[in-house]
Amino acid sequence: MKTQYSKTKIMARLSSPFRGLGGLLVILLFSLGSFAQTRVAETPPMGWNSYNCFGSAVHEDEVRANADYMAKNLKQHGWQYIVIDFLWDYDNPPGSNIGNPYQRNLQDGSFVPWLTMDQYGRLEPQPNKFPSAWGGKGFKPVSDYVHSLGLKFGIHIMRGIPRQAVWAKSPVLGAKGITADMIADTSSKCTWLNHMYGLNMSKPGAQEYLNSLLNLYASWGVDFIKVDDLSRPYSTAEVEGYRKAIDQCGRPIVFSLSPGETPVAQAAHVTKNGNMWRMADDFWDNWKEVLHMFEYAKNWEGVGGPGHWPDCDMLQIGKLSKRGPVGKERYSRFTDDELYTHMTFWCLYRAPLMIGGNMPENRDIETKLFTNDEVLAANQQGLNPKQLYKKDGSMVWYSQAKGKKAYYVGLFNIGDQDQNVSVNFADLGLKGKIKVRNLWNKADVGSFSSNYQQKINKHGAILLLLTAQ
């Protein structure tokens, strides 16, 4: 969404005569508010998400512990978002790691399990998992704590409106005489979680319902929402509805679309309305899925930019599946070489970086992967990432380093044997002596005149900075 007023136009307005001070203040506040609204995700968001380590069953103390870890160890390297993933409205039984509890109807049509919900059909955090939510406080206490650490707070939500709100005919806040059953599209259903119906955005009250959601989230201090099930199929009207709701809520909020394979044909639409969007289904710690992600990334090449980023999904690094959702509790199944490939590509491609592991259990290798400022600079500052070539088990991607005749270059051995991977400088438009720096090692390698090659372990990668001298 483009703001109506640029800074220049605002200043021009301020220097022009107004009929009254009140009008000046209205224009100033509206203009600055609109300008601030667009200043989200200027670079790929960096943070933590609870899903890969806790599934649906994360508890408040665990969220706070991860926020504490980030504030102490990662904030200074650019990490800032703490995101609570799905089913925070569901009361997981003690010891349960069920990720998608099926709702059933009782004799009167009501639902079990009954999700925590207010009178207006808006889901709220379950107080047994989030004790500070007691008394209708919602996520405000958790958000306040995260903000007190200098971090930002996010939540996951499911697309649409709860089926139980439709059964209860919950009134829609801000739409007099409209109830939930009047705006639901009961034919629009999530294929893997049956808690929600889609919204019929042509119905009076549908936009008001989304507005009421985002106004609630804004009152909680939410900085990031991950909206699930928007890509099965891609729901143009609902995507636009969430965009409008965010823009009217008065708070800058990152809009993340998930999950499913967002169609490349919708690139223009999703770029206009979303700040990040999943290119593929859930990504896990399996080498074949890394190879598939390279293909998705190539399909979306050239689309990412300030305010809108193709999303490769969370970083499968660290302690995973402590309480589900996939496999037994473990550290990532990736080998060390595969971990470096994983992190290198996500950074070079400028994908959003969302840590999936439980951060307080990080080891030395996780610390090295998450705190290398020279590598993270490729994610936050690189320009126009592209694939140079992919052949014979080798692959090279590159992006321009900001403000200089230099390139970030990733050399990837995606084959099953150790081998040399090379880059010809002429293919990047570089001539003369080229300085080569290994960013993972934080060391200059030397100067070279035509190409650089290095033997790389199978499934491994190196990240270089090439600079013309």
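What counts, and at which threshold
- Residues numbered from 1 in each chain as written.
- Predicted model: local features only at pLDDT ≥ 70, side-chain atom pairs only at ≥ 80, totals over all residues.
- Heavy atoms only, no water.
- UniProt positions renumbered as here; feature names shortened; annotations may be inferred.
- Helix = DSSP H or I, 4+ residues; strand = E, 2+ residues; numbered from the N terminus.
- Rg over C-alpha atoms; globule rule 2.2 N^0.38 Å.
- Buried < 20%, exposed > 50% of the residue type's maximum accessible area, 1.4 Å probe, protein only.
- Contact = heavy atoms within 4.5 Å.
- Areas by Shrake-Rupley, 256 points an atom, 1.4 Å probe, with all protein chains shown as cover.
- Lys, Arg positive; Asp, Glu negative; His and termini not counted.
- Charge placed at Lys NZ, Arg CZ, Asp CG, Glu CD.
- Phe/Tyr/Trp six-rings, centres within 6.5 Å; stacked < 30°, edge-to-face > 60°.
- Lys NZ or Arg CZ within 6 Å of the ring centre and 35° of its normal.
- Pairing = 2+ DSSP bridges.
- Axes fitted to C-alpha atoms, helices over the stretch in contact; angles between N-to-C directions.
- Core = buried A, V, L, I, M, F, W, Y, C linked by side-chain atoms within 4.5 Å.
- Domains from an automatic or database assignment.
- Disulfide = S-S within 2.5 Å.
- Salt bridge = Lys/Arg side-chain N within 4 Å of Asp/Glu carboxyl O.

- Where an unreviewed UniProt entry is consulted, the chain appears under the name Alpha-galactosidase, with the organism given as Mucilaginibacter yixingensis.
- As stated in UniProt under Catalytic activity (unreviewed entry), the record for the chain gives "Hydrolysis of terminal, non-reducing alpha-D-galactose residues in alpha-D-galactosides, including galactose oligosaccharides, galactomannans and galactolipids."

### Some points on the overall build of the chain
Line of reasoning, step 1. Per the secondary structure count, the chain includes 13 helices and 23 strands.
Line of reasoning, step 2. For 469 residues, the compact-globule estimate of 2.2 N^0.38 gives 23 Å, and the chain sits close to it at 24 Å.
Line of reasoning, step 3. In terms of overall dimensions, the chain has C-alpha extents of about 75 × 65 × 40 Å along its principal axes.
Line of reasoning, step 4. Burial statistics for the chain: of 469 residues in total, 56% are counted as buried.
Line of reasoning, step 5. For the chain, contacts bridging at least 24 residues in sequence account for 72% of all contacts bridging at least 6.
Line of reasoning, step 6. Approximately 19600 Å² of the chain is accessible, and the part contributed by carbon and sulfur atoms is 50%.
Line of reasoning, step 7. Counting 52 positive and 44 negative side-chain charges, the chain places the averaged centre of each group 7 Å from the other.

### Some details on the packing of aromatic side chains
Line of reasoning, step 1. Applying the stated rule across the entire model yields 26 aromatic pairs.
Line of reasoning, step 2. Its end group placed over the ring of Tyr-331, Lys-319 keeps NZ or CZ at 4.8 Å from the ring centre.

### Digging into unusual backbone geometry
Line of reasoning, step 1. In this structure, Pro-113 follows Val-112 across a cis peptide bond, with omega equal to -5 degrees.
Line of reasoning, step 2. Note on placement: Pro-113 falls in the loop between β4 (111–112) and α5 (140–148).
Line of reasoning, step 3. With an omega dihedral of 10 degrees, the bond running from Gly-324 to Pro-325 counts as a cis peptide bond.
Line of reasoning, step 4. As for its placement among the helices and strands, Pro-325 is situated in the loop between β13 (319–320) and β14 (330–331).

### Observations concerning the sheet that holds strand β17 (residues 394–400)
Whenever strands of a sheet pair, they do so through backbone hydrogen bonds, lying parallel or antiparallel.
Line of reasoning, step 1. The antiparallel open sheet is built from 6 strands, whose spatial order is β16-β17-β18-β23-β20-β21. Only two strands of the sheet have a single partner each, and these edge strands are β16 (383–391) and β21 (443–448). Taken pair by pair, the neighbouring strands of this sheet meet at an average axis angle of 25 degrees, ignoring direction.
Line of reasoning, step 2. For strand β20 (residues 434–438) and strand β23 (residues 461–468), the ladder comprises 5 bridges, and the chain directions are antiparallel. Counted as the bridge partner of Asn-438 is Leu-464 from β23.
Line of reasoning, step 3. Sheet strands touched by helix α11 (residues 336–348): β16, β17, β18 (406–413) and β23. Its angle to β18, the strand with the most contacts, is close to 145 degrees.

### Looking at the side chain of Thr-371
Line of reasoning, step 1. Within the secondary structure, Thr-371 is located in the loop between α12 (364–370) and α13 (373–381).
Line of reasoning, step 2. In this structure, Thr-371 is in contact with Asn-73, Leu-74 and His-77, ignoring residues within four places of it in sequence.

### Some thoughts on the nonpolar core
Line of reasoning, step 1. Among the nonpolar cores identified, the biggest contains 127 residues, and Trp-79, Ile-155, Ile-161, Leu-214, Tyr-217, Ile-225 and Met-343 are the most heavily contacted of them.
Line of reasoning, step 2. For this core, the element with the highest residue contribution is helix α7 (residues 206–220), accounting for 9 residues.
Line of reasoning, step 3. Formed jointly, this core draws a minimum of three residues from each of two domains, domain 1 (46–371) and domain 2 (390–468).
Line of reasoning, step 4. With residues up to four places along the chain from it excluded, the contact list for Met-343 reads Trp-79, Leu-315, Ile-317, Leu-353, Leu-369, Phe-370, Leu-376 and Trp-440.
Line of reasoning, step 5. If you look at the next biggest cluster of nonpolar residues, it comprises 18 residues, including Tyr-389, Tyr-407, Val-423 and Leu-428.

### Details of the state of the cysteines
Line of reasoning, step 1. Across all of its chains, the model carries 0 disulfides by this definition.
Line of reasoning, step 2. Here Cys-347 is not disulfide-linked; the sulfur of Cys-312 is the nearest cysteine sulfur, at 11 Å.

### With respect to the UniProt feature "domain: Alpha galactosidase C-terminal" (unreviewed entry) in the chain
Line of reasoning, step 1. The UniProt record marks residues 395–466 with the feature "domain: Alpha galactosidase C-terminal" (unreviewed entry), using the residue numbering of this structure.
Line of reasoning, step 2. A helix fraction of 0% and a strand fraction of 60% characterise residues 395–466, whose end C-alpha atoms lie 17 Å from each other.

### Focus on the side chain of Asp-89
Line of reasoning, step 1. Within the fold, Asp-89 resides in the loop between β2 (81–84) and β3 (104–105).
Line of reasoning, step 2. As a buried residue without a salt bridge, Asp-89 has its nearest oppositely charged side chain in Lys-129, at a separation of 7.1 Å.
Line of reasoning, step 3. Setting aside anything within four residues of it in sequence, one finds Asp-89 in contact with Leu-115, Thr-116, Leu-123, Glu-124 and Gln-126.

### Focus on the pairing of strand β9 (residues 224–228)
Line of reasoning, step 1. Judged by how many residues are buried, β9 sits mostly within the fold: 5 of 5 residues are covered.
Line of reasoning, step 2. Burial along β9 is two-sided: Phe-224, Lys-226 and Asp-228 facing one way and Ile-225 and Val-227 facing the other are all buried.
Line of reasoning, step 3. Where strand β5 (residues 152–158) lies against β9, 5 bridges are found, and the strand directions are parallel. Counterpart to Gly-154 in the pairing with β9 is Phe-224.
Line of reasoning, step 4. Sheet topology places β9 next to strand β10 (residues 254–257); 4 bridges connect them, and they run parallel. Bridging across to β10, Phe-224 finds its partner in Val-254.

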